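Each chain, written out:
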Amino acid sequence: MFQRIRYRFRSARAWGLAAAALPALLIAAACSSSSQGTDASTPSGATSASSAAVSTAQATVKQYEAVPTTISQKTPLPHPVTKGRTFVDLECENTQCHDIATGVEAAGKAIGWNVKLINYNDTQPATLTAAFQQALQYHPVGVSLTGTSPALWSSVLPKYKQAGIPIIPASVGPIQAQAPVAATVDGLGAYTIPAKAIADWFIAQSNASGHVLLVDIPSFPVLKETATAVSAEIAAQCPNCKVSDFDATIAQVDANGVVSAVVSQLQRDPSIKYVISTDGVFISGLASAAKAAGVTGLQIGSTIGGIVNEQDILAGSESATLPWPGVVEGWVIIDAAARVSEGMSVPDGDSNQPFQLLVKGNFATPQESLLEPADYPAQFEKLWLVSS
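These notes cover the structure that comes with them. Source: prediction; values computed, not measured. (Residues numbered from 1 in each chain as written. Predicted model: local features only at pLDDT ≥ 70, side-chain atom pairs only at ≥ 80, totals over all residues. Heavy atoms only, no water.)

**Some remarks on the overall build of the chain**
Then step 1. Across its full length, the chain holds 13 helices and 11 strands.
Then step 2. The buried share of the chain, taken over its 388 residues, is 55%.
Then step 3. For the chain, contacts bridging at least 24 residues in sequence account for 80% of all contacts bridging at least 6.
Then step 4. Counting every atom, the chain has about 15,200 Å² of accessible surface; 54% of that belongs to carbon and sulfur. (Helix = DSSP H or I, 4+ residues; strand = E, 2+ residues; numbered from the N terminus. Buried < 20%, exposed > 50% of the residue type's maximum accessible area, 1.4 Å probe, protein only. Contact = heavy atoms within 4.5 Å. Areas by Shrake-Rupley, 256 points an atom, 1.4 Å probe, with all protein chains shown as cover.)

Pasting the structure below:
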């Protein structure tokens, strides 16, 4: 009934292998409500604290709705990198991996490197190991991959360390940059600020007195980081708000059952009028499914939104999302690799990347990847000392 979910990080089956020691992730969804103060029936603007929370949240939302104009990386390379070298990106089969690969290819061309893409299936860890082994044959300046648990490629680390080939993972959750892992992209903290933005959107929209269902899949470290940050922001800024946690399981994702389970939760508790998902792709189709089930007056927000979420915002069935800038992430990967090749210090996440809160009225064309700032290629090329 619902569209097959394609998502950013790993397929549930592969994650199941990585999380064999965590059987709790394979049980039914845990739905628990934790009140952050009084319930949603508290009158709007009943206290000065609520009024202050709304004003602060509105200012934050306005700030994040602005189109990004600069990339986060600021320090130029000391000199242009050696051209003609090979960089390898390991590309899984989902759309978001393809977006990253598109960015890596374009950035590699701009900096003067030859980019090789090696495909693997993220439901079959053996194909990832084989891809790592194949990459070594190119004697690359670096190898990147996105979203895959480090537990699934730890076996290749000794060989890469011996060969002196740096690995640059992106969006894999907390991981120490220790040889052969030379740098990270979208590292620890990369998802905290977007989480604050979507939490403040909820506070502002609900007049600091709403009840939100927070949809998360804790088996993905970066999503758990997002959920924790959303809850912390609401708890700190909105004492009259209420948060109910919906922790979906790997089994539900694999069975395409997240949307139906969320709808059931909404039917059980009609006081919930807001939904925040830590990954918008997981709840694609929620608006229409909720409407068909008789759930009305629902506002839906998310981080890591995709093109369907943006289409739904323009149609009025979703309210807000922070789209994931996958193509730009590909450029950040090459930026990190270039800094590693020059022996430069690379901060965790390579300073991450800009983001934008999309709502109806501040964008016109849905895209799978946020391509902002509009001149991001020129800004990176300037840092890389690329001649125009």
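**Remarks on the packing of aromatic side chains**
Then step 1. Summed over all chains, the structure comprises 10 aromatic pairs.
Then step 2. Aromatic pair Phe87 and Trp113: ring centres 6.3 Å apart, planes at 15°, arrangement stacked. Remark: Trp113 occurs in the loop between helix H3 (95-111) and strand S3 (114-119) and Phe87 occurs in strand S2 (residues 86-91); sequence separation between them is 26 residues. Comparing Phe87 with Trp113 shows no difference in burial state: the two are buried.
Then step 3. Look at Phe380 and Trp384: their rings are 5.5 Å apart centre to centre, the planes differ by 35°, and that puts the pair in the tilted class. Grouping residues by exposure puts Phe380 and Trp384 together as buried.
Then step 4. Among the aromatic side chains, those forming a connected cluster through ring pairs are Trp331, Tyr376, Phe380 and Trp384. (Phe/Tyr/Trp six-rings, centres within 6.5 Å; stacked < 30°, edge-to-face > 60°.)

**A look at the state of the cysteines**
Then step 1. Considering all chains together, one arrives at two disulfides under this definition.
Then step 2. For Cys238, the disulfide goes to Cys241, at an S-S distance of 1.8 Å. As the torsion about the S-S bond is roughly 60°, the Cys238-Cys241 disulfide counts as right-handed.
Then step 3. By relative accessible area, Cys241 is classed as buried at 0%. (Disulfide = S-S within 2.5 Å.)

**Quick look at the nonpolar core**
Soluble globular proteins: nonpolar side chains tend toward being buried together.
Then step 1. Core analysis: the largest hydrophobic core is formed by 60 residues, its most contacted members being Trp113 and Trp384.
Then step 2. Counting residues per element, this core draws most heavily on helix H12 (residues 326-341), which supplies nine residues.
Then step 3. Judged by nonpolar contacts, the second largest core, of 30 residues, contains Ala53, Tyr274, Ala320 and Phe355. (Core = buried A, V, L, I, M, F, W, Y, C linked by side-chain atoms within 4.5 Å.)

**A look at the sheet that holds strand S5 (residues 167-170)**
Then step 1. Taken together, the four strands give an open sheet; going across it, the order is S3-S2-S4-S5, and neighbouring strands pair in parallel fashion. With one partner strand each, in any of the chains shown, S3 and S5 form the two edges of the open sheet. In this sheet, neighbouring strand axes are inclined to one another by 20° on average, regardless of whether the strands run parallel or antiparallel.
Then step 2. Relative to S3, S2 is paired through six bridges, and the arrangement is parallel. Bridging from a neighbouring strand, Val88 pairs with Lys116 of S3.
Then step 3. With respect to the sheet, H3 is in contact with S2, S3 and strand S4 (142-146), its orientation differing from that of S2 by roughly 170°. (Pairing = 2+ DSSP bridges. Axes fitted to C-alpha atoms, helices over the stretch in contact; angles between N-to-C directions.)

All we've got here are geometric facts, nothing functional implied.
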